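# Chains, contacts and geometry: an overview
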Amino acid sequence: GLFQIKAFGELDPHLKAGVASQDEFMRLETRLAYFTGFINAFNPLLLPVSWITPFASVLIAYEILRRAIGVLGEGDDPVALGGLWAELSESYWMAGLSAEAAAASDQSIHVLGNSASRERAEALAWRSRLFMLLGRYPAAITPGREAVALARRIDSRRELSRALNSLGTSLAMVGRQEGLSM
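Residues numbered from 1 in each chain as written. Predicted model: local features only at pLDDT ≥ 70, side-chain atom pairs only at ≥ 80, totals over all residues. Heavy atoms only, no water.

### Brief notes about unusual backbone geometry
- Within the chain, D155 stands out as a residue other than glycine whose phi angle is a positive 55°.
- When you line up the elements, D155 lands in the loop between α8 (137-154) and α9 (157-173). (Helix = DSSP H or I, 4+ residues; strand = E, 2+ residues; numbered from the N terminus.)

### Topic: the nonpolar core
- Ranked by size, the top nonpolar core spans 17 residues in total, and within it I69, L81, L84, W85, L88 and Y92 carry the most contacts.
- The set of elements that each furnish at least two residues to this core consists of α4 (49-72), α5 (78-94), α6 (98-112) and α7 (118-133).
- With six residues, the top contributor of residues to this core is α5.
- Apart from residues lying up to four places away in sequence, I69 is in contact with L81, L84, W85 and L88.
- Listed in part, the 12 residues of the second largest apolar core include A121, I141, A147 and L167. (Core = buried A, V, L, I, M, F, W, Y, C linked by side-chain atoms within 4.5 Å. Buried < 20%, exposed > 50% of the residue type's maximum accessible area, 1.4 Å probe, protein only. Contact = heavy atoms within 4.5 Å.)

### Thoughts on the confidence of the model for the protein chain
- Summary statistics for the protein chain give a mean pLDDT of 75 and a share of 64% for residues scoring 70 or more.
- Model confidence for the protein chain, summarised as mean pLDDT per element, is weakest for helix α1 (residues 2-9) at 39 and strongest for α8 at 97.
- Here residues 1-16 scores under 50 on pLDDT; set against residues more than four positions off or in separate chains, the count is 32 contacts.
- Note that residues 34-53 has pLDDT below 50 and, in this model, 14 contacts with residues that lie over four places away or in other chains. (pLDDT = per-residue confidence, 0-100.)

### With respect to α8
- Its 18 residues place the ends of α8 26 Å apart at the C-alpha level, agreeing with the 26 Å of an ideal helix rising 1.5 Å per residue.
- When we look at burial in α8, the residues that qualify are A140, I141, P143, G144, A147, V148, L150 and A151.
- Buried residues belonging to α8 abut α7 and α9.
- A positive backbone phi angle near 55° is found at D155, which sits one or two residues after α8. (Expected span 1.5 Å × (residues − 1).)

### What about the packing of α7 against α8?
- At a minimum axis distance of 8 Å, the contact between α7 and α8 shows a crossing angle of 155°. Taken as axis vectors, α7 and α8 run roughly antiparallel relative to one another. Remark: the crossing between α7 and α8 carries left-handed chirality. Touching R118, R120, A121, L124, A125, R127, S128, F131 and M132 of α7 are Y137, A139, A140, P143, G144, E146, A147, L150, A151 and I154, all from α8.
- Broken down by class, the residue content of the contact of α7 with α8 amounts to 13 nonpolar, two polar and four charged. (Axes fitted to C-alpha atoms, helices over the stretch in contact; angles between N-to-C directions. Parallel < 35°, antiparallel > 145°, perpendicular 65-115°, else oblique. Left-handed = near helix turned anticlockwise from the far one by under 90°. Nonpolar A, V, L, I, M, F, W, Y, C, P; charged D, E, K, R; others polar.)

### Observations concerning the side chain of S166
- Locating S166 in the fold gives a position in helix α9.
- The exposure class assigned to S166 is buried, which follows from its relative accessible area of 1%.
- If we skip the residues at most four places from it in the chain, S166 touches A125, S128, R129 and M132.

### Some remarks on the pattern of salt bridges
- Enumeration over the complete set of coordinates arrives at six salt bridges.
- For the salt bridge of D106 with R127, the shortest nitrogen-to-oxygen distance reads 2.6 Å. One end of the pair, D106, is in helix α6; the other, R127, is in helix α7, with 21 residues separating them in the sequence.
- Residue classification places R127 among the buried residues on the basis of a relative accessible area of 15%.
- A salt bridge links E122 to R158, with the shortest nitrogen-to-oxygen separation between them at 3.8 Å. Of this pair, E122 sits in helix α7 while R158 sits in helix α9, and the two are 36 residues apart along the sequence.
- By relative accessible area, R158 is classed as partly exposed at 44%. (Salt bridge = Lys/Arg side-chain N within 4 Å of Asp/Glu carboxyl O.)

Set out below in structure tokens:
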């Protein structure tokens, strides 16, 4: 599912660096399989595994992301570190942890500073989307505008599309007509 892709399929070298060894990574995958098997064997009617497995994948993704952030450190590569904080923020949101998602997004924006990077455009677009999804439409507008400007400047179409979506929605939700034409 979506969570499994986030947890395992998109692990870049920075995420893998957060795990001490391939054996440790395999132990994390084994924990997920064990957890799924436990739910199947002892409580198949409580929660379907199709729901539990993605949740467990997100928990394992948190662990991997946190370790990768720790390994990368504050000063080594701020662009990569900021990108990891943005990924952690999105993972928190997917698990329904909105306060943690906002805090990780704050950290992402802080670490990325004013870099003219795709990661910063992505982090700003995510921040706008996060606030939009939380119904905090006025708060979504500023990072949305910044993301749109940066994505246009660096020609990042994916980030531009995402930023325009959340910015337009947020503007429309606060009664601003220009949001309808985005």
